[in-house]
Amino acid sequence: MTEQELWQAVLTDIEVQTSRANFITWFRNTYVASRKNGVVSVAVPNGFTREWLQSKYHKAILKSLRNTTPEVKEVRYVIETKKAPPSAVPTRPAIAPTDSGQLAFEELNVNQSTNLNPKYTFDSFIVGPSNELAHAAALSVSKKPGTVYNPLFIYGGVGLGKTHLLQSIGNTLAQTKNVAYLSSERFTNDFISSVQEGSMESFKNKYRKKDVLIIDDIQFIAGKEQTQEEFFHTFNALHEQNKQIILSSDRPPRAIPTLEDRLRSRFEGGMLVDIGYPDYETRLAILQAKGKEKEAVLRAEVLEYIAHNIQKNVRELEGALNLIVASSKQLYDNDISLEQAKKTLSHLIGRPQKPIGFQHIIKTVSQFYEISEADILGKNRKQEVVLPRQVVMFLMRDELRNSYPSIGEKLGGRDHTTVMHACSKIEKSLQKNEGFEDELNLIKQQLYSD
Amino acid sequence: MNFLIKKNIFIRALSYIEGITSRNTNLPILASVHMRAKGKNIIISATNLELGVIVSLPAQVVTEGDGVVAPRILSSFLGQPSDTIIEVIKKDSSLFLKEQKRSATIQLEGEEDFPIIPSISPKEEAVIPSLRFIPALERVVGSVSVSEAKPELTGVFLSLQPREWVVAATDGFRLSEVRVGQASGVVSPLQCIIPLRCAQAIIKVFRGKELEEDVFIGYEDNQFIVRNEDRSVYIVSKVIEGEYPGYTSIIPTQFITICTIPKGEFLQNVKSAGLFASRANTVRIEIEGDKAHITSGEGDVGSFIASMDIEKSGENCSLVFNHHYLIDGLQNIQGEKFSFKVSKKDGPALLSGVDEKHYLYLIMPIRET
């Protein structure tokens, strides 16, 4: 007999013995909290109920329990309130007394106990080829936490939506589970203060009792030995009980220096997905969705212009959109034209990307692979030279948008088909081989950093 | 049960106990109060099953006993406070009351059905003088949210630390906080959310007593307990489940405009402006140079303008507020002048006293279309 059935039997007995009013008042929200060694603990919602049941109904309850379960020796009453679900994600932040435009404190909307921002949901996440895998994995985890992909490790560059996905999972699960979302910096600070204050027990209890632990920017615990150690134990404790762990980072575990091997292997043992740079269609879709959110009506050509020219990350996209919306409202009577938009964004888009020429590419790549520039231009077909040469070709195509023939010409009079072959080979390698993608990113970083 | 009691004392106690009773169709006895004559006291209790209040009054007890009676009729009979002595005698199932040349008989209800108010002695209690605690509660209780959309905001936030205690309340549009740095005998920190009705009961009961005394505050098993030293006042209430939002992060520290304004005159102007406000309750505060202009008049009643001299540093600004919210905050500030600081457009304004630093009031403006 389950605890629920047991209590139902008691309730049925009591109901006939007492007035309906009394029954409803005193027995509502009561249930059996536990049953162990002949002691039944009855959960009651408050002190008044406890007093009343103890003094007026104890005998009747005990008798009824013994009818079905003779081994019950003792009945205790404990005050337990079912934790109210965290305020259901509201569509409007708070109820204004009239529709008067009264503003509300913005930050109070962040659900404090879980730290989640209700605006990040799966519905507001635009899916495209660059992030569909990460999105699918996140959705799976939100439907079956702890079972399919554990841990889930999402990595990718700045402003591409990792936090959005992480918080979407959090917001979905927070309605039924105990969720914690925090940055690894906060975890570290919390850990340090707990050590200093001597409250390690409560620190451990806090994090190891969660159903879902989401940590953003985990790369920041690199180099922090003690924090990593504590995180290792927390990770294990949660994983053993099939509690879901979700992490994000700006790079794959392998590329996080001074990350302990045992943590690295645990991260890699789960599901590793990356979010790449959004393609044009995705960028346009994002702009359209955000435009709608801001209730701004913008000409299609304006949105297309922004999508074409801001390619690297979604935050920049949003920044440009905000600028356009604001100028449109203030200066152009809510109908900004393409020319005006170009002017407004000129300082954002024409931002002096350090002008690089093909010589710079050759120089950087040859330095990276530790070969001479002459080798790149020369005829040597050894693999150690061929690969860097192909990388140069790829970069000239990708970054400088040179035509195949002109690349071939600049690199020692080679045929354009050679260049095409090089570019497609590099692209294939990029898709198949993650380590290579990191390599290329590092090279690009160096290209633009001097 | 048979006792004699001074009418003053009896009426006063009934006035604050009456507010605790409730109409509950399932348990009608909750609309009544329980009286017990014992030793040298009359102990009166009332509860609505979330909040329970017990007060002990000095009386001359002839015979001990219990009685449960509806307080409304009782206090209506008693009428105006005076020094006369009331005699109360229980006869069978009715209560006989005698005052000099007047008397009445009131039906009693069955005592067996009256709920038992849990008597809890928490292991640890904090001690704060009522002179400090009650005014603090009074200053914040008006900002408690009345909407159930966010249950955590429907109570007063209380935080007790070894060197500081704080009470605060917000409904999302304005926030009140009293912060007092004072050792309070707190060994382990306590944080909880006190339901609005409980806070109101605490204020009423302690205000009703003439003397100041120490307030003992404890927490056990999800129940919040407040009492005075000799337990002649005892209040127990459930707390509100959930975590109070960490509001300190929304209190701005940088401002574009900082003003010092004569409080009385400003308050008067806002009240007058409020008379002319439209249904949206809007009043405009314009800070220009060293003057403040208070205007209203989008409604049909008419319009109002007032100008006053102020001290200002920073930019000029113009903001629209709900005048009720403004008045609520201003009335809680002590001193002749108050400080008015604006953090940013469409951002909160901070109101506080000039000399007294314990209280702050944060208010969000109304968006201008």
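Computed from a predicted model, the values in this text were never measured in an experiment.

Rules and cut-offs
Residues numbered from 1 in each chain as written. Chains lettered and ligands numbered in written order. Predicted model: local features only at pLDDT ≥ 70, side-chain atom pairs only at ≥ 80, totals over all residues. Heavy atoms only, no water. Helix = DSSP H or I, 4+ residues; strand = E, 2+ residues; numbered from the N terminus. Buried < 20%, exposed > 50% of the residue type's maximum accessible area, 1.4 Å probe, protein only. Contact = heavy atoms within 4.5 Å. Areas by Shrake-Rupley, 256 points an atom, 1.4 Å probe, with all protein chains shown as cover. Buried area = accessible area lost by both parts, 1.4 Å probe. Salt bridge = Lys/Arg side-chain N within 4 Å of Asp/Glu carboxyl O. Polar contact = N/O pair within 3.5 Å; in protein donor to acceptor, adjacent residues only side chain to side chain. Pairing = 2+ DSSP bridges. Axes fitted to C-alpha atoms, helices over the stretch in contact; angles between N-to-C directions. Expected span 1.5 Å × (residues − 1). Phe/Tyr/Trp six-rings, centres within 6.5 Å; stacked < 30°, edge-to-face > 60°. Parallel < 35°, antiparallel > 145°, perpendicular 65-115°, else oblique. Nonpolar A, V, L, I, M, F, W, Y, C, P; charged D, E, K, R; others polar. Core = buried A, V, L, I, M, F, W, Y, C linked by side-chain atoms within 4.5 Å. Left-handed = near helix turned anticlockwise from the far one by under 90°.

What's the story with the overall build of chain B in this structure? I'm lost.
Looking only at helices and strands, chain B features six helices and 26 strands. Sorting the 369 residues of chain B into buried and exposed places 55% on the buried side. Nonlocal contacts in chain B, meaning residues at least 24 apart in sequence, comprise 67% of its contacts between residues at least 6 apart. Surface summary for chain B: the accessible area is close to 16,400 Å², and the carbon and sulfur share equals 48%.

Which parts of the structure should I look at to understand the interface of chain A and chain B?
By convention, interface size is frequently given as the accessible area that disappears when the constituent parts associate. Between chain A and chain B, the contact holds 34 residues from the first and 45 residues from the second. Approximately 3,500 Å² of surface area, both sides summed, lies buried where chain A meets chain B, with 63% of it carried by carbon and sulfur atoms. In this assembly, chain A and chain B are joined by one salt bridge. With a shortest N-O distance of 3.3 Å, Asp221 of chain B and Arg50 of chain A are connected by a salt bridge. Where chain A meets chain B, there are seven residue pairs in polar contact (both at pLDDT 80 or more).

Could you clarify how one ought to interpret unusual backbone geometry in this entry?
One can expect most non-glycine residues to show negative phi and most peptide bonds to be in trans. Residue and element names in this part refer to chain A. The residue after Asn150, namely Pro151, is reached through a cis peptide bond having omega 0 degrees. Topologically, Pro151 is positioned in the loop between helix 4 (132-143) and strand 4 (152-156). The phi torsion at Asn37 lies on the positive side, around 50 degrees, for a residue other than glycine. Along the polypeptide, Asn37 turns up in the loop between strand 1 (31-36) and strand 2 (39-44). The exposure class assigned to Asn37 is exposed, which follows from its relative accessible area of 69%.

Would you explain the sheet that holds strand 20 (residues 291-296) of chain B in this entry?
Either a parallel or an antiparallel arrangement is found when strands of a sheet pair, and the pairing is made through backbone hydrogen bonds. All names here are of chain B. One open sheet holds the four strands; their spatial order is 21-20-19-23, and the pairing between them is antiparallel. The open sheet has two edge strands, strand 21 (304-309) and strand 23 (317-322), and neither has a second partner. Put simply, the sheet's adjacent strands are angled 20 degrees from each other on average, direction ignored. The strands touched by helix 6 (residues 323-331) are strand 19 (282-288) and strand 23; relative to strand 23, the strand with the most contacts, the crossing angle is about 95 degrees.

Even after reading the chapter, I still don't get helix 1 (residues 7-18) of chain B, so can you show me in this structure?
Note on helix geometry: an α-helix contains 3.6 residues per turn, so any two residues three or four positions apart are oriented the same way. Between its first and last C-alpha atoms helix 1 of chain B spans 16 Å; for twelve residues at 1.5 Å apiece the expected length is 16 Å, and the two agree. For helix 1 of chain B, the complete set of buried residues consists of Lys7, Phe10, Ile11, Ala13, Leu14, Tyr16 and Ile17 of chain B.

Mind showing me how you'd approach the sheet that holds strand 6 (residues 65-69) of chain B here?
Residues and elements named next belong to chain B. Spatially, 6-2-3-4-17-16-15-10 is the arrangement adopted by the eight strands of the open sheet, whose pairing is antiparallel. A strand with exactly one partner marks an edge of an open sheet, and here the two such strands are strand 6 and strand 10 (125-129). In this sheet, neighbouring strand axes are inclined to one another by 15 degrees on average, regardless of whether the strands run parallel or antiparallel. Across five bridges, strand 4 (residues 51-58) lies against strand 17 (residues 233-238) in antiparallel orientation. When the bridges of strand 17 are listed, Val55 appears paired with Val233.

Would you take a moment to explain the packing of aromatic side chains for this structure?
Any pair of aromatic rings gets described here by the distance separating the centres and the angle formed by the planes. Residue and element names in this part refer to chain A. Tallied over the full model, the rule gives 23 aromatic pairs over all chains. A ring pair is formed by Phe231 and Phe267, whose centres lie 6.2 Å apart and whose planes are at 65 degrees; its orientation type is edge-to-face. In this pair, Phe231 sits in helix 8 (residues 225-240) while Phe267 sits in helix 9 (residues 261-268), placing the two residues 36 residues apart along the sequence. Residue classification places Phe231 among the buried positions, given a relative accessible area of 1%. Residue class for Phe267 comes out buried when judged on its relative accessible area of 0%.

Can you help me understand the packing of helix 6 (residues 184-197) of chain A against helix 8 of chain A in this one?
Describing two packed helices takes the angle between their axes plus the distance from one axis to the other. Residue and element names in this part refer to chain A. Remark: helix 6 packs on helix 8, axes separated minimally by 10 Å, with the N-to-C direction vectors making an angle of 100 degrees. Between helix 6 and helix 8, the interaxial angle falls into the category roughly perpendicular. For the pair helix 6 and helix 8, the contacting residues are Phe187, Thr188 and Phe191 in the first and Gln226, Thr227, Glu230, Phe231 and Thr234 in the second. Grouping the constituent residues of the contact of helix 6 with helix 8 by class yields three nonpolar, four polar and one charged.

Please explain the nonpolar core as it appears in this structure.
In a soluble, globular protein the nonpolar side chains are often hidden away together inside. Ranked by internal contacts, the top residues of the largest apolar core, which has 100 residues, are Phe10, Phe133, Val167, Ile217, Phe224, Phe340 and Leu351 of chain B. Per-element tally for this core: the top contributor is helix 4 (residues 196-208) of chain B, with seven residues. Within the second largest apolar cluster, 36 residues are counted, among which are Val40, Val42 and Val72 of chain A together with Phe114 of chain B.

Explain the pattern of salt bridges to me, please; I cannot follow it from the model alone.
Opposite charge on two side chains lets them pair, provided their charged atoms get close. All names here are of chain A. For the structure on display, the rule yields 32 salt bridges over all chains. With its nearest N and O atoms 2.8 Å apart, the salt bridge here joins Arg208 to Glu230. Here the residue Arg208 occupies a position in helix 7 (residues 200-208), and Glu230 occupies one in helix 8, the gap between them amounting to 22 residues. What makes Arg208 partly exposed here is its relative accessible area of 24%. With a relative accessible area of 7%, Glu230 lands in the buried category. Between Glu339 and Lys342 there is a salt bridge; the shortest N-O distance is 4.0 Å. Highlighted residues: Glu339 and Lys342, both in helix 13 (residues 338-349), separated by three residues, approximately one helical turn. Residues joined in a network through salt bridges with shared partners are Glu229, Glu260 and Arg262.

When you look at the pairing of strand 23 of chain B in this model, what are you seeing that I'm missing?
Along any regular strand, the residues point their side chains to alternate faces of the sheet. Residue and element names in this part refer to chain B. Burial runs high along strand 23: five of the six residues are buried. As judged from the six bridges shared by strand 19 and strand 23, these two strands associate in the antiparallel manner. Counterpart to Arg284 in the pairing with strand 23 is Val320.

Teacher, can you tell me more about the side chain of Asp216 of chain A here?
Among the structural elements, Asp216 of chain A can be located in strand 6 (residues 212-216). Discounting residues that sit within four places of it in the chain, Asp216 of chain A has contacts with Thr163, Leu166, Tyr181, Leu182, Ser183, Ser184 and Ser248 of chain A.

How do you make sense of the packing of helix 4 of chain A against helix 5 (residues 162-173) of chain A when you look at a structure like this?
Residues and elements named next belong to chain A. Running from amino to carboxyl end, helix 4 crosses helix 5 at an angle of 20 degrees, the nearest separation of the two axes being 9 Å. With respect to helix 5, the axis of helix 4 lies roughly parallel. Like other packed secondary-structure pairs, helix 4 and helix 5 cross with a definite hand, here right-handed. Of the residues in helix 5, those in contact with Ala134, His135, Ala138, Val141 and Ser142 of helix 4 are Leu165, Ile169, Thr172 and Leu173. Across the contact of helix 4 with helix 5, the residue classes tally to six nonpolar, three polar and no charged.

Help me out: how do you make sense of helix 8 of chain A in this one?
All names here are of chain A. With 16 residues, helix 8 should cover 22 Å at 1.5 Å per step; its first-to-last C-alpha distance of 22 Å lies within 8% of that length. Among the structural elements, helix 6, helix 7, strand 6, strand 7 (244-249) and helix 9 are those in contact with the buried residues of helix 8. Residue Asn242 follows helix 8 closely and has a positive phi angle near 60 degrees.

What exactly am I supposed to notice about the pairing of strand 7 of chain A here?
All names here are of chain A. Across the six residues of strand 7, six count as buried, placing the element largely inside the fold. Of the two faces of strand 7, both are covered, the one formed by Gln244, Ile246 and Ser248 as well as the one formed by Ile245, Leu247 and Ser249. As defined by bridge partners, strand 4 adjoins strand 7 across four bridges and the pair is classed as parallel. Bridge pairing links Phe153 to Leu247 in strand 7. Here strand 6 runs beside strand 7; their pairing, made up of four bridges, is parallel. When the sheet's bridge partners are listed, Ile215 is paired in strand 7 with Leu247.

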